[in-house]
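# Architecture at a glance
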Amino acid sequence: MSSIANGSLLTSRQRYGAVTQLFHWLTVLLVATAYILSPGGSEARVYAAAADGARQLHETVGMVLLALVLLRIVWRLFEPTPDAAPMAVWMKLAAKAAHWALYALLLAIPATAIAGAWLEAHPLSLLGIGDMAPMLVENHALGANVADIHTILGNAIIWLAGVHAAAALFHHYVVRDNTLRSMLPDWLARRANSEPYGERPAAC
Ligand code: HEM
Ligand code: HEM
């Protein structure tokens, strides 16, 4: 119970701080929004005047996400992570690998989007800010390949985040440790803690 006492802005040895939690859950929201708004189809269709609004919204959400991830990484450099709940070494390594891969995807997805668009000689269009003209020399074939990689990585992060979320739920409902609660806001962690943990039904 002491592990979820007094929600704090900063990460402790038991729990992620409120700032990191805010970064985490805003990231989840923005990744999901960018994915739902992702423009599909041929290049001609993606950049058709009729699709402008939807594509620009996707690009804007993606760039807000990139800014958030960069801030998150700077914040992460100055803050320790909570102690991991006791678990098998392979599980700890798998969780670490998944976190690194998620960070790598969060950087590679916007990088491939920007490079792909610019190599294809399209500006980036950010709502409320305007166009950012290409800063790379046009190479259309390469740009199309890089845009394809963006699509693959955009799908990959959804799969990996799904496995990562399933692992968090497994810890909560099956292993019954503090992993998920450590990333939940104080009020929610308290509610989750009121469940009858540790009291499994007696074997028949
Ligand atoms: C985590 C953030 C993002 C996710 C999950 C994501 C996901 C995707 C996916 C899945 C597609 C392909 C849709 C389809 O073909 O069905 C796509 C296309 C696209 N995305 Fe993103 N995206 C993200 C961030 C960005 C950013 C930051 C930008 C630009 C600044 C961007 C620009 C584009 C463009 C221009 C396309 C069309 C590519 C083409 O086929 O030419 N995306 N995105
Ligand atoms: C797009 C979706 C997601 C992304 C990109 C993401 C990313 C991350 C990253 C990078 C970390 C490591 C934080 C650090 O130590 O620096 C993390 C931790 C965590 N995430 Fe997510 N996450 C996503 C969705 C979710 C969901 C849906 C859940 C819950 C169901 C969740 C639960 C957790 C928990 C409990 C931790 C702490 C794990 C630990 O300390 O071992 N995440 N997440």
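Further up the page is the structure itself.
The structure contained in this document is the topic of the report that follows. (Residues numbered from 1 in each chain as written. Chains lettered and ligands numbered in written order. Predicted model: local features only at pLDDT ≥ 70, side-chain atom pairs only at ≥ 80, totals over all residues.)

### Some words on the environment of Y16
- Relative to the elements of secondary structure, Y16 occurs in the segment before α1 (18-36).
- When neighbours within four sequence positions are excluded, Y16 is seen to be in contact with T11, Q21, P82, S182 and M183. (Helix = DSSP H or I, 4+ residues; strand = E, 2+ residues; numbered from the N terminus. Contact = placed C-beta atoms within 7 Å.)

### Things to note about the site of ligand 1
- Around ligand 1, a shell composed of 27 residues is seen, among which S38, G40, G62, A113 and G154 lie nearest.
- Of all the elements in the fold, those that place two or more residues in the shell around ligand 1 are α1, α2 (43-46), α3 (52-78), α4 (89-119) and α5 (140-175).
- Sorting elements by how many residues they give to the shell around ligand 1 places α3 first, with seven residues.
- For the shell around ligand 1, the per-class residue count stands at 16 nonpolar, eight polar and three charged. (Near = placed C-beta within 6 Å. Nonpolar A, V, L, I, M, F, W, Y, C, P; charged D, E, K, R; others polar.)

### Thoughts on unusual backbone geometry
- The residue A121 is not glycine, and still its phi comes out positive at about 70°.
- Relative to the helices and strands, A121 resides in the loop between α4 and β1 (124-126).
- C-beta crowding within 10 Å serves as the criterion here: with 14 such atoms nearby, A121 is assigned to the partly exposed category. (Buried ≥ 20, exposed ≤ 12 C-beta atoms within 10 Å, placed from the backbone.)

### Here we look at the packing of α4 against α5
- Between α4 and α5, the shortest axis-to-axis distance is 8 Å and the interhelical angle comes to 155°. For the element pair α4 / α5, the angle class is roughly antiparallel. Here α4 and α5 pass one another in a crossing that is left-handed.
- Residue composition of the contact of α4 with α5, grouped by class: 20 nonpolar, six polar and no charged. (Axes fitted to C-alpha atoms, helices over the stretch in contact; angles between N-to-C directions. Parallel < 35°, antiparallel > 145°, perpendicular 65-115°, else oblique. Left-handed = near helix turned anticlockwise from the far one by under 90°.)

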